[in-house]
Amino acid sequence: MAAKRRVTIRDVAERAGVSVATASRVLSGNYPVPQTTRARVLRAAQALDYVANAHARALVGGGRKMVAVLVRQVTSPFYAHVAEGVEAEAAAHGWLCLVGQTGGEPQRELEFVQLMREEGARLVILVGGVVEDDDYRARVAQYAQALDAAGSRLVLCGRPAPGPDIPALVVEFDNEAGARAITSHLLSAGHRKIVFLGGLPGNTALDARVAGYRAALAEHRLPPQAAHVVDCGLGRANGQRAMAELLKGGPEFTAVFAGDDMVAAGALRAIADAGLRVPDDISVVGYNDIPLAADFHPPLTTVRTPAEELGREAVRIALRSAEDSLSTRHVLGTHIVVRESVAAPPAERTP
């Protein structure tokens, strides 16, 4: 796909039939201009999808070095740590950081991106797994091209790029490898009936974790039907509700792999409410290693994801030269943190 030529103020002036100086006065809003002239210039700017170039503004002393990070939920420990990493790295380079919450709503995300484009944010970072469908790919392509035309850059943090020709950078961690490792940890402890709790079909992050879970089962020569994925989504309430449903009539599994630590928190609550104990009756593992995971009862074995480092790297790769980083995918590693929520299945323990 050929790169879209950046619209300049000269293009706006030509379309409106005015001088560049007049167009500049209208768009800066600092000088009185006849209303009819102002209307022509604004119509031309809208038709051409013109925004002032952030880099050009900076060269003349206008604009600010600003990065915007957009997350689904600011109260989520994972998103909060990613945003903290973005802010810390931005501050280290003398940049300002703005944080926006989208609630997972595409329209709200679009409005944030457009606002940041108009305000001249140099970087716009979108964080978190998404349902990757045609609508998502078209939307992100639109974001990337519009930001690029304004002299800004889009960074996708923990979510996929829509295609190799889109001017966006990607930084993520290896969800599938982390899930494969934590499932193998349960299998090595002797578990063969392991439930994955927290699936959300189409969500890129969770689909990768489910793929890692299935891969580990296959590596231990378990048949495909040994996999049991419960599509309850994320969040403590969803985890508790789904776990309580699974426990009705007695558990037919010995271990639970929760899609993230908050799902694990809900599962632990439901297991305790059912009069069962972790790990004596059921083992539980999570994903992300949020700070509270060490304070769960019992402390949770989980996969540590580099959330803060993910945010820092999103800023770093965008600040590198375009030749070094454009259209490049950066992947960070994960590792297991072993605590006290896993034991051998009851039937395999030595009396």
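Residues numbered from 1 in each chain as written. Predicted model: local features only at pLDDT ≥ 70, side-chain atom pairs only at ≥ 80, totals over all residues. Heavy atoms only, no water.

**Describing the overall build of the protein**
In terms of helices and strands, the protein carries 13 helices and twelve strands. In the protein, which comprises 351 residues, the proportion classed as buried is 49%. Sequence separation of at least 24 residues holds for 74% of the intrachain contacts in the protein that already meet a minimum separation of 6. Carbon and sulfur atoms form 50% of the exposed surface of the protein, whose accessible area is close to 16600 Å². (Helix = DSSP H or I, 4+ residues; strand = E, 2+ residues; numbered from the N terminus. Buried < 20%, exposed > 50% of the residue type's maximum accessible area, 1.4 Å probe, protein only. Contact = heavy atoms within 4.5 Å. Areas by Shrake-Rupley, 256 points an atom, 1.4 Å probe, with all protein chains shown as cover.)

**Digging into the sheet that holds strand 5 (residues 168-173)**
Taken in spatial order, the six strands make up an open sheet running 2-1-3-4-5-11, and their pairing is parallel. Strand pairing shows two members of the sheet lacking a second neighbour, strand 2 (96-101) and strand 11 (329-332), which therefore form its edges. With direction set aside, neighbouring strand axes in the sheet form an average angle of 20°. Pairing between strand 4 (residues 153-157) and strand 5: four bridges, direction parallel. Within the sheet, the bridge partner assigned to Leu154 lies in strand 5 and is Ala168. Lying over the sheet, helix 6 (residues 106-119) contacts strand 1 (66-71), strand 2 and strand 3 (123-127), oriented at roughly 180° with respect to strand 1. (Pairing = 2+ DSSP bridges. Axes fitted to C-alpha atoms, helices over the stretch in contact; angles between N-to-C directions.)

**Description of the confidence of the model for the protein**
Keep in mind that low pLDDT regions are not for reading the predicted coordinates in detail. Chain-level statistics for the protein give a pLDDT mean of 86 and a share of 90% at 70 or above. Residue range residues 54-63 is modelled with pLDDT below 50. Its contacts to residues more than four positions away, or to other chains, number twelve contacts. (pLDDT = per-residue confidence, 0-100.)

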